[in-house]
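Residues per chain, in single letters:
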Amino acid sequence: MALINCPECGKEISDKAPACPNCGCPLSVSQSSQQQDTENIQTYLDLALKAVQGQNSQQVEMYCQKALEIDPKCSKAWELEARGILFNSSLRTNNVPQAISAAANAVNYSTDDKSELAISLYRSICGHISGLYAIASRMPTIASACQYVRLVMTYYSSALVDI
């Protein structure tokens, strides 16, 4: 049994109660399950944020996916997933396309200021690509790495515009 807030009076009541004992507002099963879903999403987002701060891309992806299973339009889960994907992207594992896709979903589903979120994600992705270029340029044995990163930057800059 979990406690939820009555949608009418706001007092805490059992999620199993058919109606609020304080105001009599009838509760449906969907109301209590929606509140439980919201709480679960927030828990997963909190855990994903901690994983982002710890740069643990596997945990970020796992918690974001759990939140997205409940609400596929959860902008914050898509944003955290985009940032988590970048942690796991390198010259060998190019995950930039997945990060761009997750970032685009974050912006599309956002109910807040889309431009601020888009700019933040754009800067993160471009910063990551620039970092890959800086690493590649210091590796004389991988002469084609710089060319590869330049191509990636050119190709994905058009994709990033869509964000």
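Everything below is about the structure printed above this text.
Presented here is an overview of the structure given in this document. In this text the structure is predicted, and so the values were computed from the model without any measurement.

### Some thoughts on the packing of helix α2 (residues 57–70) against helix α3 (residues 75–87)
Helix packing for two helices is described by the angle between their axes and how far apart those axes are. Between α2 and α3, the least distance of the axes is 9 Å, while the angle of their chain directions is 160°. For the element pair α2 / α3, the angle class is roughly antiparallel. As for the relative orientation of α2 and α3, their crossing is left-handed in sense. Contacts between α2 and α3 involve S57, V60, E61, C64, Q65, A67 and L68 from the former and A77, W78, L80, E81, G84 and F87 from the latter.

### A short note on the packing of α3 against helix α5 (residues 114–137)
In the contact formed by α3 and α5, the axes pass within 10 Å of each other and the chain directions differ by 10°. With respect to α5, the element α3 is oriented roughly parallel. As α3 packs across α5, the resulting crossing turns out to be left-handed. Seen from α3, the contacting residues are S75, E79, A82, R83 and L86; seen from α5, they are L117, S120, L121, S124, I125 and H128. Per-class residue counts for the contact of α3 with α5 are 5 nonpolar, 4 polar and 2 charged.

### Describing the pattern of salt bridges
Side-chain pairs of opposite charge can arise where the charged atoms are in close proximity. Using the criterion set out here, one finds 2 salt bridges in the structure. Where R83 meets E79, a salt bridge forms, and the shortest distance between an N and an O atom there is 3.3 Å. Taken together, the positions of R83 and E79, both in helix α3 and 4 residues apart, correspond to about one turn of that helix. Assessed through its relative accessible area of 17%, R83 is described here as buried. Within this structure, K76, E79 and R83 form a network of salt bridges that share partners.

### A short note on α2
With 14 residues, α2 extends 20 Å from end C-alpha to end C-alpha; this agrees with the ideal 20 Å at 1.5 Å per step. Within α2, the full set of buried residues consists of S57, V60, Y63, C64, A67 and L68. Viewed along the axis of α2, the buried residues span an arc of 140°, placing them on a single side of the element. Opposite its buried face, α2 presents the exposed residues Q58 and E69, each directed more than 90 degrees away.

### Quick word on the nonpolar core
Core analysis: the largest hydrophobic core is formed by 29 residues, its most contacted members being L45, C74, A77, L80, L121 and I125. Elements with a contribution of two residues or more to this core: α1 (29–53), α2, α3, α4 (96–109) and α5. It is α4 that contributes the most residues to this core, 7 residues altogether. Grouped together as the second largest cluster of nonpolar side chains are 6 residues, I4, C6, C20 and L27 included.

Reading the values: the criteria
Residues numbered from 1 in each chain as written. Predicted model: local features only at pLDDT ≥ 70, side-chain atom pairs only at ≥ 80, totals over all residues. Heavy atoms only, no water. Axes fitted to C-alpha atoms, helices over the stretch in contact; angles between N-to-C directions. Helix = DSSP H or I, 4+ residues; strand = E, 2+ residues; numbered from the N terminus. Parallel < 35°, antiparallel > 145°, perpendicular 65-115°, else oblique. Left-handed = near helix turned anticlockwise from the far one by under 90°. Contact = heavy atoms within 4.5 Å. Nonpolar A, V, L, I, M, F, W, Y, C, P; charged D, E, K, R; others polar. Salt bridge = Lys/Arg side-chain N within 4 Å of Asp/Glu carboxyl O. Buried < 20%, exposed > 50% of the residue type's maximum accessible area, 1.4 Å probe, protein only. Expected span 1.5 Å × (residues − 1). Arc of directions from axis to C-beta. Core = buried A, V, L, I, M, F, W, Y, C linked by side-chain atoms within 4.5 Å.

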